[in-house]
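So you can see what is in the structure, the chains are spelled out below.
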Amino acid sequence: MKAAVNTRYGSPDVLQIRDVPKPEPNAGEVLIRVYSTTVGRTDFGMLRPEPFFIRLFAGLLRPKRTILGMDFAGKVEVVAPGVTLFKPGDCVFGMSPTYGAHAEYLCMSENGPIATMPGDTRFDEAVICEGAWYANSCLRKLNLAPNQKILIYGASGAIGTAAVQLAKFYGAEVTAVVQTRHLDLVKSLGAHRAIDYTAEDFTQIDETFDCVLDAVGKTTFFRCRRLLSSSGTFAATDLGPWGQNAFLAIWSRVTGRNRVVFPLPGSAKALIDFLKLRMEAGEIRAVIDRKYPLDAVADAYSYVETEQKTGIVVVNVIASDENTAGNIDPPDNPHN
Ligand SMILES: NC(=O)c1ccc[n+]([C@@H]2O[C@H](COP(=O)([O-])OP(=O)(O)OC[C@H]3O[C@@H](n4cnc5c(N)ncnc54)[C@H](OP(=O)(O)O)[C@@H]3O)[C@@H](O)[C@H]2O)c1
């Protein structure tokens with residue numbers, strides 16, 4: 001099968017489209033024909049791990065995972081013995097904990113983060129799991145409740161666009177802080193108010209919030225402190241300068257003041273089941289910036305590196321204008 005392979009760390013140039021052996025599902029696993037995947041910030045972080053300590057997990061000298069890609073949507077092609085939840089032909093989506101989705105085929109445990117797709121969803125609109133996973137972890141850690149007010153800074157990225165939609169689902173009143181070109185987008189996703197960070201200093205507005213979420217890792221608790229109500233809580237998706245968000249979260253626990261929380265992602269399996277319900281109810285949708293074919297995956301990485309993407313960057317492993325679940329069959333593939 002064809003896959004994007006990275007046998008060493010570096011810039012997107014190290015990625016090579018190669019023929020590699022097609023994976024074989026073990027007992028309890030399904031073999032999935034991947035239709036769509038994404039290049040996310042986590043993939044980029046695995047291609048060029050910074051800071052250096054990430055190599056303790058990713059592989060000290062060279063990558064342990066040589067095919068990246070977490071988000072996937074595709075069709076079950078083979079079910080191994082013991083599989084009861086899926087059958088060949090099922091359209092599925094989810095998130096691979098061991099990466100591997102930048103390829104034509106992927107194996108997943110049937111008990112892993114995988115679910116059947118809502119019927120009328122396009123494959124390339126189902127690959128929203130990774131950003132939503134971090135967004136939902138943040139909102140849960142913030143204990144966001146109905147009628148609370150939340151300010152989401154950096155609401156235009158993969159995590160931010162999911163966070164706006166999920167905060168709205170939880171019944172919160174959302175203020176989104178973005179650049180001019182994203183104002184209409186965040187309102188269309190459910191933000192009650194949108195602030196242009198290029199036109200005004202959002203930290204100086206005359207309003208307080210129950211929660212402030214830095215969804216893009218570009219501000220700090222100290223800058224946002226005056227936006228928090230007396231019992232308000234700050235969370236970020238990034239460690240922040242000198243890892244300060246982790247230290248502040250620990251200090252918050254020690255003092256019991258709960259001013260800063262640092263979310264660690266929860267159960268990915270539970271997230272996929274939750275997301276499926278949200279997609280079926282029309283409560284979350286994909287915000288797709290660009291789509292690339294697998295052959296151009298290095299270009300997708302280069303774009304993600306700009307930190308300017310809006311929502312997600314999709315890689316369509318099977319290129320099709322009819323990318324809707326149940327509507328298309330994989331073309332004959334000379335690489336199988
Ligand atoms: N995606 C993941 O799965 C993941 C996982 C773990 C951690 N993280 C971390 O979480 C953060 C967000 O990830 P992401 O994937 O959502 O990022 P992303 O999609 O790359 O976010 C890019 C968005 O942020 C906006 N942005 C850039 N600079 C900004 C600034 N100074 N102020 C406000 N908005 C700004 C950009 O729009 P404009 O430039 O037009 O404003 C763009 O729409 C990153 O720090 C990442 O390392 C991400």
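Residues numbered from 1 in each chain as written. Predicted model: local features only at pLDDT ≥ 70, side-chain atom pairs only at ≥ 80, totals over all residues. Heavy atoms only, no water.

1. Focus on the nonpolar core
Here's step 1: Residues Phe-93, Ile-150, Ile-152 and Leu-213 are the most contacted members of the largest nonpolar core, which totals 91 residues.
Here's step 2: Counting only domains with at least three residues in this core, you end up with domain 1 (2-127 + 287-316) and domain 2 (130-261).
Here's step 3: Among residues more than four places away in sequence, those in contact with Leu-213 are Cys-138, Leu-139, Leu-142, Ile-150, Leu-151, Ile-152, Tyr-153, Ala-163, Ala-235 and Ala-236.
Here's step 4: In terms of nonpolar packing, the next biggest core, distinct from the first, is built from 17 residues, Val-212, Phe-221, Leu-248 and Val-260 among them. (Core = buried A, V, L, I, M, F, W, Y, C linked by side-chain atoms within 4.5 Å. Buried < 20%, exposed > 50% of the residue type's maximum accessible area, 1.4 Å probe, protein only. Domains from an automatic or database assignment. Contact = heavy atoms within 4.5 Å.)

2. So, helix H3 (residues 129-141)
Here's step 1: A rise of 1.5 Å per residue sets the reference length of H3, with its 13 residues, at 18 Å; its end C-alpha atoms lie 18 Å apart and thus fit the reference within 8%.
Here's step 2: Taking burial as the measure, the 13 residues of H3 include 10 buried ones, the bulk of the element.
Here's step 3: Taken together, the buried positions of H3 are occupied by Cys-129, Glu-130, Gly-131, Ala-132, Trp-133, Ala-135, Asn-136, Ser-137, Cys-138 and Leu-139.
Here's step 4: The positive-phi residue at the C-terminal boundary of H3 is Asn-143, with phi of around 55°. (Helix = DSSP H or I, 4+ residues; strand = E, 2+ residues; numbered from the N terminus. Expected span 1.5 Å × (residues − 1).)

3. Thoughts on the pairing of strand S4 (residues 71-79)
Here's step 1: As defined by bridge partners, strand S3 (residues 29-38) adjoins S4 across seven bridges and the pair is classed as antiparallel. Counted as the bridge partner of Leu-31 is Val-78 from S4.
Here's step 2: Bridge analysis of S4 against strand S5 (residues 91-95) gives five bridges, and the strand direction is antiparallel. The partner of Phe-72 across the bridge, within S5, is Gly-94. (Pairing = 2+ DSSP bridges.)

4. Quick word on the packing of H3 against helix H8 (residues 268-280)
Here's step 1: Viewed as axis vectors pointing N to C, H3 and H8 meet at an angle of 105°, and their least axial separation amounts to 10 Å. With respect to H8, the axis of H3 lies roughly perpendicular. Touching Cys-129, Ala-132, Trp-133 and Asn-136 of H3 are Ala-268, Leu-271, Ile-272, Phe-274 and Leu-275, all from H8.
Here's step 2: Of the residues assigned to the contact of H3 with H8, the class counts are eight nonpolar, one polar and no charged. (Axes fitted to C-alpha atoms, helices over the stretch in contact; angles between N-to-C directions. Parallel < 35°, antiparallel > 145°, perpendicular 65-115°, else oblique. Nonpolar A, V, L, I, M, F, W, Y, C, P; charged D, E, K, R; others polar.)

5. Thoughts on unusual backbone geometry
Here's step 1: Geometrically, the link from Glu-50 to Pro-51 is a cis peptide bond, its omega value of -5° lying close to zero.
Here's step 2: Looking at the element boundaries, Pro-51 is found in the loop between helix H1 (41-47) and helix H2 (55-58).
Here's step 3: At Tyr-99, a residue that is not glycine, the phi angle is positive and equals roughly 60°.
Here's step 4: If you trace the backbone, Tyr-99 turns up in the loop between S5 and strand S6 (105-109).
Here's step 5: The exposure class assigned to Tyr-99 is buried, which follows from its relative accessible area of 10%.

6. Some remarks on the pattern of salt bridges
Here's step 1: Tallied over the full model, the rule gives 13 salt bridges.
Here's step 2: Residue Asp-124 is joined to Lys-291 by a salt bridge in which the shortest nitrogen-to-oxygen separation is 3.1 Å. Here Lys-291 lies in strand S14 (residues 288-293) and Asp-124 lies in the loop between strand S7 (114-116) and H3, a separation of 167 residues in the sequence.
Here's step 3: A relative accessible area of 43% places Lys-291 in the partly exposed class.
Here's step 4: Here Lys-149 and Glu-207 are joined by a salt bridge, their closest N and O atoms 3.0 Å apart. (Salt bridge = Lys/Arg side-chain N within 4 Å of Asp/Glu carboxyl O.)

7. Structural notes on the sheet that holds strand S12 (residues 228-236)
Here's step 1: The sheet built from six strands is open, its strands ordered S10-S9-S8-S11-S12-S13 with parallel pairing. Single-partner strands in this sheet number two, and they are strand S10 (193-196) and strand S13 (260-261).
Here's step 2: Here strand S8 (residues 149-153) runs beside strand S11 (residues 209-214); their pairing, made up of four bridges, is parallel. Residue pairing in the sheet places Ile-152 in a bridge with Leu-213 of S11.

8. Regarding the environment of Leu-183
Here's step 1: In this fold, Leu-183 is placed in helix H5 (residues 183-188).
Here's step 2: Leu-183 sits 12 residues away from Ile-195 along the chain, and the two C-alpha atoms are 7.3 Å apart.
Here's step 3: Discounting chain neighbours no more than four positions away, the residues touching Leu-183 are Val-178, Ala-194, Ile-195 and Asp-196.

9. Considerations on the site of the ligand
Here's step 1: Tyr-153, Ser-156, Tyr-197, Asp-238 and Lys-309 are the nearest of the 23 residues found near the ligand.
Here's step 2: Measuring from an oxygen atom of the ligand, one finds a side-chain N or O atom of His-182 at 3.1 Å.
Here's step 3: Lys-309 has a polar backbone atom sitting 2.7 Å from an oxygen atom of the ligand.
Here's step 4: In isolation the ligand has 880 Å² of accessible area, and contact with the protein removes 90% of it. (Near = heavy atom within 4 Å. Polar contact = N/O pair within 3.5 Å; in protein donor to acceptor, adjacent residues only side chain to side chain. Areas by Shrake-Rupley, 256 points an atom, 1.4 Å probe, with all protein chains shown as cover.)

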